[in-house]
Each structure stands twice: as structure tokens, then as C-alpha cells.
Amino acid sequence: MSVATQDTALRTGRVSRAFIYLFLLLMALFYLLPFGIMVINSLKPLSEITGGNMMSLPQVWTLDAWRSTWSTAQIGVEPTGMRPYFWNSIKMVVPAVAISTVLGALNGYVLTKWRFRGDTILFGLMLFSCFIPFQIVLIPMARVLGLTGLAGSTTGLILVHVVYGIGFSTLYFRNYYAVFPTELVRAAMMDGAGFFRIFWRILMPSSGPITVVCIIWQFTNIWNDFLFGASFADFDSQPITVALNNLVNSSTGVKEYNVHFAGAIYAALPTLLVYIVAGRYFVRGLMSGSVKG
Amino acid sequence: MSFLKIDNVTKRYGAVEVLHRVDIDVQQGEFLVLVGPSGCGKSTLLNMIAGLEEISSGTIAIKDKPMNGVHPSQRNIAMVFQSYALYPNMTVGKNITFGLEMHGVPKAERDAKLGKVADMLQITPLLDRKPGQLSGGQRQRVAMGRALVRDPDVFLFDEPLSNLDAKLRVDMRTEIKKLHQRLGTTIVYVTHDQIEAMTLSTRIAVMNGGYIQQLGTPREIYDTPNNIFVAAFMGSPSMNLLDAVIRLDGDDAAVEIADGDGAPVTLPLPIPAARLQGRDGTKVVLGIRPEAITDPDGADKSANTVVALKNVIDVTEPAGSDTFVTTTMAGKDVIGRMRADAHVHAGDNADLAINMDKAVIFDPKTEDRIV
Ligand SMILES: Nc1ncnc2c1ncn2[C@@H]1O[C@H](COP(=O)(O)OP(=O)(O)OP(=O)(O)O)[C@@H](O)[C@H]1O
Ligand SMILES: [Mg+2]
């Protein structure tokens, strides 16, 4: 196959090559344009936006909007800026991703390497949770949070996201470990390693790629979640998505578009970062795997 | 006292019984090979010895201590897996010492043992590599090193050579045999390759369908197979099995078969007629190994009963060291083994010598050996 692609690459002339790049460039532009506009306008004073063209570059470059969005902008009724909510999100997303990933890995390990009667049925039931729409669980979940005294707290949100995340993370790890050689586990068992040591020393070191996939998936989902945040959080535990909504909907006077744009970028930045950083490890993980196999 | 005692062991998966009341006593220092066709339960039995599969009923004891329910790591056994099962994320050195580390052996002692084993297996230059950077034969050595370093009571091997190419397989076979001779450890070895079984073992257990068909030394298994299954399974090319009729005449016993033209030929048996009393005229299956059918000059000089006869050769297959010939007797293809420079050609009506000392006779109904 590689020979065929090389062949094609050789035969493709300069003209068609240029055409391909042009096309790719256009698609990239189409994709980046909205983001570009957001960035440009977040760097303008408000007067330039309301008085002029959204598409033009700023005449005065300023970080004022970014500063005020971060620390002084009106969110709901309080002029706190996005900062506390950003940290709320971090405090929620990091433990939620970590816990759901570790639990998913453990589940996958048990479901494939420590099989027991009824394990397939159990797995099927866990998969079910991937298909249940968020709206259906809102009321039962509120009741559970109320009963456990976790309503309105970051811990409560972590619990909700972990519960929702386990289905997917278990699916990922179960399928990954299903093809992981059972003989390795047996060898480690004979070598005297116990349940957790086999997990940490034998399975985990080979789980890089799937862990990264799982983290990217969970991080994006939990960070971007609005519904659970809006439903279950208090003022002091609201995640950034809810804060962004409140920022944009604040009804005091003029719409500060530059501040809204900056707020939206703040809210999107961490997921972007995760893709850029972890995506590279993901590819690297795949590569080392293919060389090894 | 036996070193490893497998006593009345049965394995069931749900309602299906895959091993039926297996009894094997293994003495210290023995090299026992479990051999049989795919799915006969060899790996299952080995895994039960290892503690990786539960024993449904019966007991397995090592050094008189029952092992039922004892965790694999507490049995003082080591196993070499078919896929080698080397930990991909650890270096060769780590792979070998992982078991020692898990058993709490101090680092200095681990390193000393590693050095010794690596020397013995000649893998010292590989210790810092990852398994992915090794050839098949090197991986095989590392897998053996991992077992050796533990200094176990019993070694278990599950088809350790089946992933190697033919030449390497022969080399490693010799190495395993040398290792056994040098260390004198007790080994249970699973294979479905009957040549491996013959060359390596001190005793062989031939299995089929969850039953032990025969347990004995390679010679016993080869020369006096218990039944038609064992006779046909062991040996390559496999034993010729021909329809025959018993003829008793006074003290003399013989079998009668049809030659290539359908004419009856009588082959005398080197046993007194008393051993076959009451079977005169009954149908039997005559088993003759290819090497007992030779050209007259190649016949075993020390054999007592050699029958000379002429038969038409259908095919010759020179194999370098020998020439295999195919001829027809009793309506079946019969394979003989001649010297490499015997002058036979397809279509010849050639002189054959049949060494009846080595012939065995089976009951066609029970398939068990009569003589
Ligand atoms: N988990 C299981 N559930 C049900 N039957 C099983 C299970 N594991 C093995 N068996 C059956 O037990 C029998 C023996 O299997 P085993 O793996 O011991 O065969 P084997 O002799 O090692 O064969 P091979 O040479 O192919 O490795 C087979 O018929 C197999 O189908
Ligand atoms: Mg097997």
C-alpha cells in the first residue's frame, strides 16, 4: 500500500499539488474564520466593534477586554469576572476525569481478565449509560444529590460526571484490554503479582494510547457540559460554561461584545490545550505500538 | 513417593467434562511430555498444575503437598508460555527478575541470579533491550530465563517451540534437553509434535479427547502402543495399519493379508500360538512401522522373524537419508523405508523384507492392542 501512495505522490504533478494545497487552505480558513473573528474582536475596544466593522483588524490593540473578563466582568449579579468559575471548572473536571478514567480502566481490567459469571450482562448494562440522554436523569440525580447532601457542591458535580463517564471509559478500556494477551496476566500471576500490581505494572504501562483517548473524551465532555452545571451547581460551584452564559445574558446596559468573545475563548482554551498537548502523545502512543507489534 | 502426583483429576466447564479422571505420577527429575491432537486437554491439565485453572475434582500434589486452592505463585513452579508472555514494557533483565521482585528478593541477590541465568542462556548482551527488539529465538531464551531464575520445583512448558521456524525449533529442542540434563529439574512439557515428545521426554503421556491413552517411556509408546490411536499418532510417517486374519497352526502363529494383487500372503508372528488362543480365523488390524518394511539388504540383522516378499512399488520418495516407498497391501497404501541407495523405482516388482518382530496386532472392535 505504501508503494501505491508513493507512486501516486510521484505522479501527481505540480499543478494538482497546488490545487490540493489551495483546497486544504480554504477548508482550514473556513474552519478558523469564526475563531479568528473572536480573537480579533476580543482585542478591540468596544467602541470599534459597535461603531464599525467586525471583520476589520483593531486600530487600537488592547487586552482590556481580556483583563476585565477575567477579573471584573459582571457575571449574573456579581462583578467577579470569569476567574472563580474557571477554577470551579478545573476543580470539577480534573478529579472527575481522573476518577472516571481510573475506574474505567479497572472495570475494563476486571471485565476482561478476571471474568466472572454474568460479566457480559453487567458490561451491557454499563454500556446502556452511554445512550441515556442527560435530561432523563436530571430529576433522579437531583434527588440522589439531595439525599447525599452533595447538592450544589463541586463534589456533587464530580459525582454526576463520574457516574456518567464510567460507561464510556469502561467501554474504551474493556475493548482495549480484550485484545491484551491474557498470557501476560497469567505470567505475572505466576510471578507472584497480585490484582493491583498486575494492573499497575503490566497493564497500565501498555495503556498509554487508550488512556489519552479516554482523557480527551472525558475532559471535553465534562468541561463543555452545561446542563448538569446549570442544574446542580450553586453560585460558588458553577462551572465556566454556566458563567459564560450568565456573562452574555447579563442585562446591565450595553452588550460588551469584546468581553463576550474573550469569555468564550477562556471557556474554550483548556479543551484546545488538551487536544494540542495530549493529541501529540496519542499519535506517539499509536506509533510506538505499531513498531512494537 | 512421587514428586508431582496427579490423582484422579477431572476438569469440567459447566456440564462439559474435558478431562476425565487423569492419573499421572511424575518422579523427581523426570521430563514428562503431554502430547495429543488439538483440543485434547493438554493445556488444561498443565494450567491446573500451574494453578491457573481450578481443579473440578481430584487432587494435584507437589512433594506430597496438595495444591488444590493454592495460589499459582505459592506453588514454586514456573511456566514458559507458547507466546512467551514477556512483559512488553520491561527490559529483558526486568522481565527475568520480576518474579523475584514480587517475592521480595533483595536487589543484590536478584542481580546475582540474573547474571548467572543470563550467562547460562547467553543473553547477557540483551539484558537492556525490550522484548520487542528481540528475535523469536531470543525471546524464547528470555522466557526460559524467567522460569529458570526462580529455581522452581517443577517447570511447565506449553508448546514453547511452536512459534519458531523449523530449524530454530530443532536447535532450541536440543538446548532444552541439555538444560534438563544439566539441571535435573522436573519438567512437564506440552506439545502436539510427536517428534518433540519422542526426543525430549523420559516419559510420554499420549492424550486424546480428555483421556490418557498411554503413559510410558518413548520406547514403550513407540514399540508397544496401547491402541490404534497411539500407534497412528506417534511416528512419522505413521504406522501402517492393515486388515488381517489370524492363522494358528499348532504352535505357530501367523497373520494373513492380501498382497498387491489380492493374493493371500502369510506373515509368521514371533510369538507362541498360545498368546492368540481362540482367535484363529478372526479379523485383526496388523500394525507395521515403515522402518520395518525395507529392502532385503537394509533389514535388521538381529531380528528373528524377517519375511521376504515381492510387491509392486507405486511411488518412491527419496528423502536424502532414506528412500520412502509406497506399495499396496491389503487394499491400502503401505509405506516402507529403504536405504537411500537401494535401487528401487516406481513400477518395479521389488523385493521387500518385513521385520515381524516389530509388528503389533490390534482388535478391530476395541482398537486395543492384542500383541
Ligand atoms: N473456558 C472454556 N470453556 C469451555 N470449554 C473449554 C474452555 N477452555 C477450554 N475448553 C475446551 O477444553 C478442551 C481442551 O482444551 P485445551 O486448551 O486444554 O486443549 P489443548 O490440548 O491444549 O489443545 P491445543 O493443542 O490446541 O492447545 C477443548 O475441547 C476446549 O474446547
Ligand atoms: Mg494448548
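Residues numbered from 1 in each chain as written. Chains lettered and ligands numbered in written order. Predicted model: local features only at pLDDT ≥ 70, side-chain atom pairs only at ≥ 80, totals over all residues. Heavy atoms only, no water.

J.: An account of the overall build of chain A is needed here, citing residue identities and associated values.
T.: Helices and strands together make up the secondary structure of chain A, namely 14 helices and 0 strands. Taken against the 2.2 N^0.38 rule, which gives 19 Å for 293 residues, the C-alpha radius of gyration of chain A at 24 Å runs more than 25% over that of a compact globule. Dimensions of chain A along its principal axes, counting C-alpha atoms only, are 75 × 70 × 30 Å. Intrachain contacts of chain A at a sequence separation of at least 6 include 71% that bridge at least 24 residues. Just so you have it, chain A exposes about 16,500 Å², and 71% of that area is on carbon and sulfur atoms. One finds the centroid of the 19 positive side-chain charges in chain A at a distance of 12 Å from the centroid of its 11 negative side-chain charges. (Helix = DSSP H or I, 4+ residues; strand = E, 2+ residues; numbered from the N terminus. Rg over C-alpha atoms; globule rule 2.2 N^0.38 Å. Contact = heavy atoms within 4.5 Å. Areas by Shrake-Rupley, 256 points an atom, 1.4 Å probe, with all protein chains shown as cover. Lys, Arg positive; Asp, Glu negative; His and termini not counted. Charge placed at Lys NZ, Arg CZ, Asp CG, Glu CD.)

J.: Can you break down the interface of chain B and chain A residue by residue, with the values?
T.: Between chain B and chain A, the residue contacts involve 26 residues of the former and 16 residues of the latter. At the surface where chain B touches chain A, the tally comes to 3 salt bridges. A salt bridge links A:Asp191 to B:Arg150; the shortest N-O distance between them is 3.4 Å. Between chain B and chain A we count 9 residue pairs in polar contact (both at pLDDT 80 or more) in total. (Salt bridge = Lys/Arg side-chain N within 4 Å of Asp/Glu carboxyl O. Polar contact = N/O pair within 3.5 Å; in protein donor to acceptor, adjacent residues only side chain to side chain.)

J.: An account of the packing of aromatic side chains is needed here, citing residue identities and associated values.
T.: Taken as a whole and assessed by the stated rule, the structure comprises 27 aromatic pairs over all chains. Each ring, one from A:Tyr164 and one from A:Phe228, has its centre 5.6 Å from the other, and the planes form 45°; the classification is tilted. Here A:Phe228 lies in helix H12 (residues 227-232) and A:Tyr164 lies in helix H8 (residues 154-178), a separation of 64 residues in the sequence. Accessibility expressed as a relative area gives 13% for A:Tyr164, which makes it buried. By way of ring pairs, the aromatic residues A:Trp66, A:Trp70, A:Phe86, A:Trp87, A:Phe219, A:Trp223 and A:Tyr266 are connected into one cluster. Positioned above the aromatic ring of A:Phe123, the side-chain terminus of A:Arg174 is 4.3 Å from the ring centre. It is B:Lys11 that lies over the ring of B:Tyr13; its NZ or CZ is 5.0 Å from the centre. (Phe/Tyr/Trp six-rings, centres within 6.5 Å; stacked < 30°, edge-to-face > 60°. Buried < 20%, exposed > 50% of the residue type's maximum accessible area, 1.4 Å probe, protein only. Lys NZ or Arg CZ within 6 Å of the ring centre and 35° of its normal.)

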